[in-house]
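# Descriptive analysis of the structure
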Protein chains: 2
Amino acid sequence: MSPKNVYFFGAGKAEGRTDMKNLLGGKGANLAEMTSIGIPVPAGFTITTEVCTYYYKNKKKYPQGLDKEVAQAMAKVEKAMGMKFGDLKNPLLISVRSGARKSMPGMMETVLNVGLTTKTIPGLIAKTNNPRFVWDAYRRLMMMYSDVVMEKAAGIEPKDDKGIRVQLDEIMDRLKHEKGYKLDTDLTVEDLQYLCGEFKKCIKDVLGKEFPDDPIAQLWGGISAVFQSWMGKRACAYRRIENIPDEWGTAVNVQAMVFGNMGESSATGVAFTRNPATGENWFYGEWLINAQGEDVVAGIRTPYALNERIKSDQNMQYPSLEKAMPKLYKELDGIRKKLEKHYKNMQDIEFTIQEGRLWMLQTRDGKRTGPAALKMAVDMMKEKLIEPATAIMRVTPLQLDELLHPMVDPVEEKKYTPIAKGLPAGPGGGTGKIVFSADRAEEMAKNGEKVVLVRNETSPEDIHGMHVAEAILTAKGGMTSHAALVARGWGKCCIVGCGALNIDYAGRKMTVHGKVYKEGEIITLNGSKGCVYEGALPLVVIDPTKNPELKIFLDACDKVAKLKVWTNADTPKDAAQARAFGAKGIGLTRTEHMFFAPDRIKAMREMIVAETKETRRAAVMKLLPFQKSDFIGILEAMQGLPVTIRLLDPPLHEFLPQEPKQVAELAADLGVTVEKIEGRIKQLHELNPMLGLRGCRLGIIYPEITEMQVRAILEAGAVLTKKKVKVFPEIMIPLVGNVKEFIHQKNIVLQIAQDVKKEYGIKNLYFTVGTMIEVPRAALTADEIAKEAQFFSFGTNDLTQMGCGFSRDDAGSFLPEYVGMGIYAVDPFETLDQTGVGQLVAMGVQKGRASRPDLKIGICGEHGGNPDSIDFCHRVGLNYVSCSPFRVPIARLAAAQAALRNADSCKSCKASPKPKAKAKAKKK
Amino acid sequence: MSPKNVYFFGAGKAEGRTDMKNLLGGKGANLAEMTSIGIPVPAGFTITTEVCTYYYKNKKKYPQGLDKEVAQAMAKVEKAMGMKFGDLKNPLLISVRSGARKSMPGMMETVLNVGLTTKTIPGLIAKTNNPRFVWDAYRRLMMMYSDVVMEKAAGIEPKDDKGIRVQLDEIMDRLKHEKGYKLDTDLTVEDLQYLCGEFKKCIKDVLGKEFPDDPIAQLWGGISAVFQSWMGKRACAYRRIENIPDEWGTAVNVQAMVFGNMGESSATGVAFTRNPATGENWFYGEWLINAQGEDVVAGIRTPYALNERIKSDQNMQYPSLEKAMPKLYKELDGIRKKLEKHYKNMQDIEFTIQEGRLWMLQTRDGKRTGPAALKMAVDMMKEKLIEPATAIMRVTPLQLDELLHPMVDPVEEKKYTPIAKGLPAGPGGGTGKIVFSADRAEEMAKNGEKVVLVRNETSPEDIHGMHVAEAILTAKGGMTSHAALVARGWGKCCIVGCGALNIDYAGRKMTVHGKVYKEGEIITLNGSKGCVYEGALPLVVIDPTKNPELKIFLDACDKVAKLKVWTNADTPKDAAQARAFGAKGIGLTRTEHMFFAPDRIKAMREMIVAETKETRRAAVMKLLPFQKSDFIGILEAMQGLPVTIRLLDPPLHEFLPQEPKQVAELAADLGVTVEKIEGRIKQLHELNPMLGLRGCRLGIIYPEITEMQVRAILEAGAVLTKKKVKVFPEIMIPLVGNVKEFIHQKNIVLQIAQDVKKEYGIKNLYFTVGTMIEVPRAALTADEIAKEAQFFSFGTNDLTQMGCGFSRDDAGSFLPEYVGMGIYAVDPFETLDQTGVGQLVAMGVQKGRASRPDLKIGICGEHGGNPDSIDFCHRVGLNYVSCSPFRVPIARLAAAQAALRNADSCKSCKASPKPKAKAKAKKK
């Protein structure tokens, strides 16, 4: 027996199910599912994706018997709807739509009103008593069908690049012009009848074929048009970007049409089962009486509020569905509850009321803002609609990030009209002064001004300006243009292809729809939507600690997470902030920042220019009281939790004065000649400071630095221990590449510890000694190092720089383009390069634990706050991730999701595959 | 039965053998072996190293029965020598010497003349008729024995740091002063008798013990002194440096003494079986009539030539042994032949003639110069004395290097007297102007002057001056001082602890033995010997291609080597030179040097400042004819052999002018503003250029550069191919870290190749496309890269820089000290860091071949010419090493030795263990 090619749904019964998405496509499976659970759905049937595959494998032939299956299914549809396809009295109209396994919005073809012919028109007019509606539908069918089926699907190359659709539009425009009409709705029945006649002639002339007057021919034309569009240019390009294989194919959904524009008892609407902006559990949506679905979203008519509660200033005067059609509203509200209960998620639904009867056209998981996602997840968990694990998987780290980062205030944004629209190439909001050149951008940014770089298009020469800009706006270019590639690489707000801009570089101004904007004037971009606004729109960040749902949600996360989340903090204030966000320790305290205060930098500089070991030690020791009090502060703020303190890391020349005036001051202070200071600065100059005298190399060449820092840490520990404050300092040796470097520094620590214990009369003084793993050689020899070190912390910033061989400071000249070209799928400084650098991490963990099974291992590079990287950290078995205080909530979520996703018996992981760095865009 | 503790040798029979070195020590095993093969050796016995081990494991007790074994062996010695130990008439005197498994010259104790007592003195006088000889021997015994046995071995702490030896010396000096003597030999019999009496009193006074007058007591005192000295300070320190385990222990050799100073029929000498300086196969040595061994080497008397042929100006007037004692010379010459035949190597021998009878005291493999080592190896191979494999292992790469690098001309050096001597801390010769500060050194070096840095001692602040100096000389410090550590780390000529120097920094001068040397005066250092000379001694390098043995030797090497040796060459001249040295291909042609010629740099700069792709391409294409002709030259020079050409690698700013004048010129040339050029220079500035926009990143961001270079290569190939010249260009993409980078560049190559073939009408145009593996990530993902690349070449310079995280340019501030401290055993830029970076290489090979089993893999970093690294390359299975032309001979030898050393059934490998980077020096 040949496989089943057609799946019917309708009248409460369906042959398909939600979990048959691969076979029926997302839309078809969903329509079947809705039908099954008793939701009123216009009957229809789905032709499987396998037919599509067969079609392309067999020279665009259909499987044998498909026509029979379609005919049988159509008969069931007719029965369910009480109408007949092609019937003269009671004709059924149908839609023919695509439906792939994964949504490809707008990329494939749709044909509506199929079944309208010269023979069925009179019957439909008689039945609806609405000749205008019928003729308009016929006109629409002709325009759509001739374009989609007769021209595009047939592969006819339009003459002079002027397709049939354009020619029909011209005919209609001409008529409107002659009659002085503005809107399509001004056209009368007679106008439409006339147009349909003209259209027929034109189609015959241009395409050499009659517009088919046979419903069955129209149906098959529609089906083949959908299948053809699977291999259309747009669809293919989209699949390349989204990594959708060609082999998946699309299904075809043939469904009875219902009309919301059949008079005052008809209506149409779109709704969310909860508020998608706030998450509030209240029915939220819009509708219109006597209208078609597209009218609600097109913005021509102001849509009405679905119920009284959600009425706004704009639609206060219009009736709500709740008031206008209370019975139907009640039915709809019942469906809302049923759908949420069934899908266990907020649904985005479309409905149509045709002459008093409610039909559901669509349901799908609704898109939502970050705050809404969080609230819904927590609410549904409280309602016991979903398990905590599901709630955790329901909020993406990006959504949580929305709670923490600037975006154009959505409430305020509604009050403004964009001056122009372009392609949303880089996310978030940005506001600043217009500049038209990269150099100017850099110049103004250096003066502390926020700028938006506006260019016709960008090139590698503009990188420095793009880098400092709050946002980037280009007149030309698409989603794969230089600007888009770079901005996506950086995650920077960006709009491209904004054709309304007319830029005059020489005059430092641009004209947008006739209005002039000069350099220095302020604009705001919503890069997530592609909207450009005049002036400074407010950007918002909501204080996450004030969000009542966040604590509940993150506590649930902590329960399932295997990875602990620590923080990178250099001050007691940062430490306290991170603790408030739920950090369970400090993974990285940088000590170098402590040296820059004016009262300290002097001693530091004195140390650097010292000529002998003795004077150097004397200078260094002046820093001891400062460092000690710093450490007392931070250890106290984190009492009860571990605090990982990294010894001095950056090259010494960073501490030296750069300006001649400062040099002279220092020379005077130290009582040496200016030449001497200049000589020392010159001597400390390095060609590649990242690979020079820094990290533990400093502490080995100048052991007195290590001695001072360790003494400061341990004396701080001793002081607090004597006060009965529980403190856990962990001393971290930076930039170790060779176990012998570590041993050298560790020996200093052990010696000082002995001294301090004796001096303070303390028997048990807590401390551990561990190391950063940030040099590739350290990962390669982690087995040796772990024999000596009590903990590892992966410094994946440096590990990436050295592993990939590009410095973060300098990679700006090529890395954004690399990301754009897909050489690196994502910026490896943002998301850990699992293929390459990840091997070093995995090797470090495996070798380290081979030597010391209970080795504590964390990560303190910026990847510690990146969800994909956190998933990797979970998989390789790290104990904790450490990130900046504001990333702590995101890391807690990501850690929990990683645990759920990678659990052996986890439902969620089937739904959401392991995140894999995927190409955001690719050239050719 | 307890193990045998004592091994007798004498009268043609021996219980030991050469291969019992571990048990008998080197010296004992050798004496036994010589005895066995019929060489006349004074009889004796060896107490095993196991006794030493037992001694230290058992609270310095000897194994039971040792005394009995010693007594039995002594009886055999007496019998063999026809004398009796302690006998009143015919007393036997013996020596007690150490003898470890591995030679530890001067590190342990020796006691001579054991057996002389008040009772045996008269008998010996009667027998020798030489009372002065006997009393002098007694005096020597007392001085040596009281010091070594009675004080040092007994662990007596000398008062006021003034040991017994010093006090006895003072007594003797006092007497000499009183009598107005200059030399010890001026002392009369009476003087000596008097001294012996004074010595006895002094010993009793100072050490509280009588000097033993019993031969057996003296014997056991000597034995225990030798065992004690195994754990002496000097010996322990030496073992730390040489990695000799304490557990090995030393043997004790007790041997009958023979005397060359018993009158005119006695003599003593040292000889080499061939000339150790030239390798000439002629008996070479020196002797003295009526003398002791030390007289020959002490330099007080001019030694005589062994035979007529080797007489020199210095000893022309003295008799040769050949003439003076023809029978004994003939016997000695016979022994010479016998020893060479037996040991199959040039021997360094010591002999003594006692009253007309010849005794051999020592034979060992003789040290030799590089040229001699080569000549002997080749000669012995020709003589069929040794196999080619043995010949190959007989010459160290360092010896071969002597043929290629400057050293103080050994012939000339003999004509000069050192003005001072110090410790030989860094090898080779160096000559230059004296400077007393690092800054001055740098300054003068910048002016092209050669300098020798002279300091009391050095510190890290002096590094820049040490770096530029030809040689380093310090007044203070030992073999582990800063200067010594740094110089050894760099392999730079250096002498430390040269106490004769009296430096006046302020006056910029030094006084040496009263003579003043000012800054700017020239001195020469022989760092291999520790000698400082006034003036410029000639440094010599012998042209290796003119050495007749070299070709034979290297051809033999090539026959066993598995690794091919290629070269790094950028010009046809270098290529020809390397071919003359036997290079079998070019592993690295850097193309960037070709851009610096004045007529080319302009186009290069034009390219760099170009604003658009079109102008950039136009500028780049101006370079095409230049590059093409370069490639024609080099490909032609290497016809028949592969030529690996690396595409542009360094950052672009290296090509830009630095001086304002040059900038102005460039601006004028290009017709743009100075500001524009300055802006571009600023834009190209990178913080860490090594990790910036370079390598294939350039070719990806500016593909026109790759297009031009590839076109130049392939057009050059096409031109030559049409001329029927066989050329094999291999195109190498630098700095690939990600396979997608490689694919991008490879696609350009393939496209250009198609075009060129078409344009030149050539069907088969040879080329391959491969990559450098120099970024750690490339090694980690070598499996992916090998799917696309036809060859790999490890760029271990960059791989080391990135793998270890230090740049070669900047590591000078710590790496020499690291090497000194033993953090890295050797400079990892000189010898590949096998533990760390080596893992990346091994991984790259294994992963690469997993994807492409026939992948051709080489190395083109400077490690390609380093013997230890070459051994590693052999072991990981590389196909070739590529090094600078002058290193090619060394690499060919190292490749052959690697093959022999690592062959499963190789005799040589037993003798010479795998070279392991060993600590040259270590701080505790």
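Note that the coordinates shown come from a computational prediction; the quantities given were computed from them, not determined experimentally.

### Here's the deal with the overall build of chain A
Secondary structure assignment for chain A yields 37 helices and 34 strands. Projecting the C-alpha coordinates of chain A onto the three principal axes gives extents of approximately 105 × 65 × 55 Å. Across the 924 residues in chain A, those meeting the buried criterion constitute 57%. Look at the contacts in chain A between residues 6 or more apart in sequence, and 68% of them connect residues 24 or more apart.

### Comments concerning the relation of the copies chain A and chain B
The two copies are related by a screw motion: chain A maps onto chain B through a turn of 180° and a shift of 0.0 Å along the axis, at an RMSD of 0.1 Å. Seen this way, the second copy is the image of the first under a two-fold rotation axis. For chain A, the smallest separation between a C-alpha atom and the rotation axis is recorded for A:Asn688, amounting to 2.2 Å. Most of the interface of chain A is mirrored in chain B, where 100% of its interface residues again form contacts.

### A few points about the side chain of B:Thr474
Turning to its location among the elements, B:Thr474 is positioned in strand E19 (residues 471-474). If we skip the residues at most four places from it in the chain, B:Thr474 touches B:Arg455, B:Asn456, B:Glu457, B:Thr458, B:Ala483, B:Ile495, B:Val496, B:Gly497, B:Cys498 and B:Leu501.

### Digging into the pattern of salt bridges
Residue and element names in this part refer to chain B. For the coordinates displayed, the defined rule picks out 110 salt bridges over all chains. The closest approach of N and O atoms between Arg309 and Glu280, which form a salt bridge, is 2.4 Å. One end of the pair, Arg309, is in the loop between strand E11 (304-305) and helix H11 (321-324); the other, Glu280, is in the loop between strand E9 (267-272) and strand E10 (284-289), with 29 residues separating them in the sequence. Overall, Glu280 belongs to the partly exposed group, its relative accessible area being 30%.

### Notes on the packing of aromatic side chains
The full count for this structure, using the stated rule, is 41 aromatic pairs over all chains. Ring geometry for B:Tyr304 versus B:Tyr318: centroids 4.8 Å apart, planes at 15°, classification stacked. With B:Tyr304 in strand E11 and B:Tyr318 in the loop between E11 and H11, this pair connects stretches of sequence that are 14 residues apart. When its relative accessible area of 13% is taken as the criterion, B:Tyr304 is described as buried. Among the residues examined, B:Tyr318 registers a relative accessible area of 27% and is labelled partly exposed. By the ring-pair criterion, three or more aromatic residues cluster together here, those being A:Tyr55, A:Tyr56, A:Tyr62, A:Trp220 and A:Phe227. A cation over an aromatic ring shows up here: A:Arg309 above the ring of A:Trp282, its NZ or CZ 4.1 Å from the ring centre.

### Thoughts on the interface of chain A and chain B
Accessible area lost upon the coming together of the parts is a frequently used measure of interface size. In this complex, chain A contributes 57 residues to the contact, which on the side of chain B involves 57 residues. On the chain A side of the contact with chain B, A:Glu461, A:Leu691 and A:Arg777 bury the most area, a combined 13% of that side's loss. Where chain A touches chain B, the interface holds two salt bridges. Taking the shortest distance from any N to any O, the salt bridge between B:Arg777 and A:Asp833 comes out at 2.5 Å. Looking at side-chain class alone, the side of chain A that touches chain B contains 23 nonpolar, 17 polar and 17 charged residues.

### Comments concerning the packing of helix H5 (residues 131-153) of chain A against helix H6 (residues 164-179) of chain A
Relative orientation and spacing of two packed helices are given, respectively, by the angle between their axes and the distance between those axes. Residues and elements named next belong to chain A. At their nearest, the axes of H5 and H6 sit 9 Å apart, and the two run at 160° to each other. The orientation of H5 with respect to H6, classified from their angle, is roughly antiparallel. The residues of H6 that touch H5, namely those facing Arg139, Met142, Met143, Met144, Ser146, Asp147 and Glu151, are Ile164, Arg165, Leu168, Asp169 and Met172. Here the contact of H5 with H6 is built from residues that sort into six nonpolar, one polar and five charged.

### Focus: the sheet that holds strand E25 (residues 531-534) of chain B
Residues and elements named next belong to chain B. The mixed open sheet is built from eight strands, whose spatial order is E15-E25-E24-E17-E18-E19-E20-E16. The open sheet has two free edges, formed respectively by strand E15 (420-421) and strand E16 (423-426), since each of these has just one partner strand. Taken together, the five bridges between strand E17 (residues 429-435) and strand E24 (residues 522-526) define a ladder with antiparallel strand orientation. Within E24, the residue paired with Gly430 across the bridge is Leu525.

### Some points on the environment of B:Ile632
Residue and element names in this part refer to chain B. Locating Ile632 in the fold gives a position in helix H24 (residues 624-637). With 133 residues separating them along the chain, Ile632 and Leu765 place their C-alpha atoms 14 Å apart. Every residue in contact with Ile632, bar those within four places of it in the chain, is listed here: Ala716, Val719 and Leu720.

### Considerations on the side chain of B:Arg336
Residue and element names in this part refer to chain B. On the secondary structure map, Arg336 appears in helix H12 (residues 326-343). Overall, Arg336 belongs to the buried group, its relative accessible area being 9%. Those residues in contact with Arg336 that lie beyond four places of it in its chain are Thr273, Asn281, Trp282 and Phe283.

### Remarks on unusual backbone geometry
Non-glycine residue A:Glu355 carries a positive phi angle of around 45°. Residue class for A:Glu355 comes out partly exposed when judged on its relative accessible area of 44%. In the Ramachandran plot, B:Lys724 falls in the positive-phi region, its phi being about 65° despite a non-glycine side chain. Relative to the elements of secondary structure, B:Lys724 occurs in the loop between helix H28 (703-722) and strand E30 (728-733).

### Let's talk about helix H32 (residues 796-804) of chain A
Side chains that are three or four residues apart share a direction in an α-helix, a result of its 3.6 residues per turn. A large share of H32(A) lies buried, amounting to nine of its nine residues. When H32(A) is considered as a whole, its buried residues turn out to be A:Thr796, A:Asn797, A:Asp798, A:Leu799, A:Thr800, A:Gln801, A:Met802, A:Gly803 and A:Cys804.

### With respect to the pairing of strand E33 (residues 856-859) of chain B
Note on strand geometry: in a regular strand, side chains alternate between the two faces of the sheet. Residue and element names in this part refer to chain B. Both strand E32 (residues 791-794) and E33 contribute to a ladder of four bridges, which runs parallel. Bridge pairing in E33 links Phe792 to Ile857. Pairing analysis gives two bridges linking E33 to strand E34 (residues 880-883), with the strands arranged parallel. Bridge pairing in E34 links Gly858 to Tyr880. The parallel pair E33 and E34, bridged by helix H35 (residues 867-876), forms a crossover whose chirality is right-handed.

### Side note on helix H4 (residues 120-128) of chain B
Residue and element names in this part refer to chain B. Every buried residue of H4 is accounted for by Thr120, Ile121, Gly123, Leu124 and Thr128. The buried residues of H4 occupy one face: seen down the axis, they fall within an arc of 165°. The first or second residue beyond H4 is Asn129, which carries a positive phi of 55°.

### Examining the sheet that holds strand E12 (residues 347-354) of chain B
All names here are of chain B. An order of E11-E10-E9-E12-E13 is seen for the five strands of this open sheet, with the pairing classed as antiparallel. Strands at the two margins of the open sheet, each flanked by one partner only, are E11 and strand E13 (357-365). Note that E10 and E11 share two bridges and pair antiparallel. In the strand pairing of E11, Trp287 is matched with Tyr304. Across the sheet, H12 is in contact with E12 and E13; its angle to E13 comes to roughly 30°.

### Comments concerning the confidence of the model for chain A
All names here are of chain A. For chain A, per-residue confidence averages 90 on the pLDDT scale, and 95% of positions sit at 70 or higher. Taken together, the stretch residues 905-924 has pLDDT below 50 and engages in 42 contacts with residues farther than four places along the chain or on a different chain. Here the complex is predicted with pTM 0.80, and the ipTM for its interfaces comes to 0.79.

### Considerations on the nonpolar core
Within the largest apolar cluster, 286 residues are counted, with the highest numbers of intra-cluster contacts made by A:Leu714, B:Phe553 and B:Leu714. Discounting residues that sit within four places of it in the chain, B:Leu714 has contacts with B:Ile731, B:Val749, B:Ile752, B:Ala753, B:Val756, B:Leu765 and B:Phe767. Counting residues in each nonpolar core, the second largest holds 74 residues, with B:Leu92, B:Val134, B:Ala137 and B:Ile164 among its members.

### What to know about the packing of helix H4 (residues 120-128) of chain A against H5(A)
Residue and element names in this part refer to chain A. At a closest axis distance of 8 Å, the pairing of H4 and H5 adopts a crossing angle of 145°. Here the hand of the crossing between H4 and H5 comes out right-handed. Mapping the contact onto sequence places Ile121, Leu124, Ile125 and Thr128 in H4 and Pro131, Phe133, Val134, Trp135 and Tyr138 in H5.

### Structural notes on the environment of A:Ile310
All names here are of chain A. Locating Ile310 in the fold gives a position in the loop between strand E11 (304-305) and helix H11 (321-324). For Ile310, a relative accessible area of 18% corresponds to the buried category. Each C-alpha atom, one on Ile310 and one on Glu151, is 45 Å from the other, the two residues being 159 residues apart in sequence. Setting aside residues up to four positions removed in sequence, Ile310 forms contacts with Trp282, Phe283, Tyr284, Gly285 and Ala305.

Parameters and conventions
Residues numbered from 1 in each chain as written. Chains lettered and ligands numbered in written order. Predicted model: local features only at pLDDT ≥ 70, side-chain atom pairs only at ≥ 80, totals over all residues. Heavy atoms only, no water. Helix = DSSP H or I, 4+ residues; strand = E, 2+ residues; numbered from the N terminus. Buried < 20%, exposed > 50% of the residue type's maximum accessible area, 1.4 Å probe, protein only. Contact = heavy atoms within 4.5 Å. Least-squares fit on C-alpha atoms with pLDDT ≥ 70 in both. Salt bridge = Lys/Arg side-chain N within 4 Å of Asp/Glu carboxyl O. Phe/Tyr/Trp six-rings, centres within 6.5 Å; stacked < 30°, edge-to-face > 60°. Lys NZ or Arg CZ within 6 Å of the ring centre and 35° of its normal. Buried area = accessible area lost by both parts, 1.4 Å probe. Nonpolar A, V, L, I, M, F, W, Y, C, P; charged D, E, K, R; others polar. Axes fitted to C-alpha atoms, helices over the stretch in contact; angles between N-to-C directions. Parallel < 35°, antiparallel > 145°, perpendicular 65-115°, else oblique. Pairing = 2+ DSSP bridges. Right-handed = clockwise from strand over helix to strand, strands pointing away. Arc of directions from axis to C-beta. pLDDT = per-residue confidence, 0-100. Core = buried A, V, L, I, M, F, W, Y, C linked by side-chain atoms within 4.5 Å. Left-handed = near helix turned anticlockwise from the far one by under 90°.

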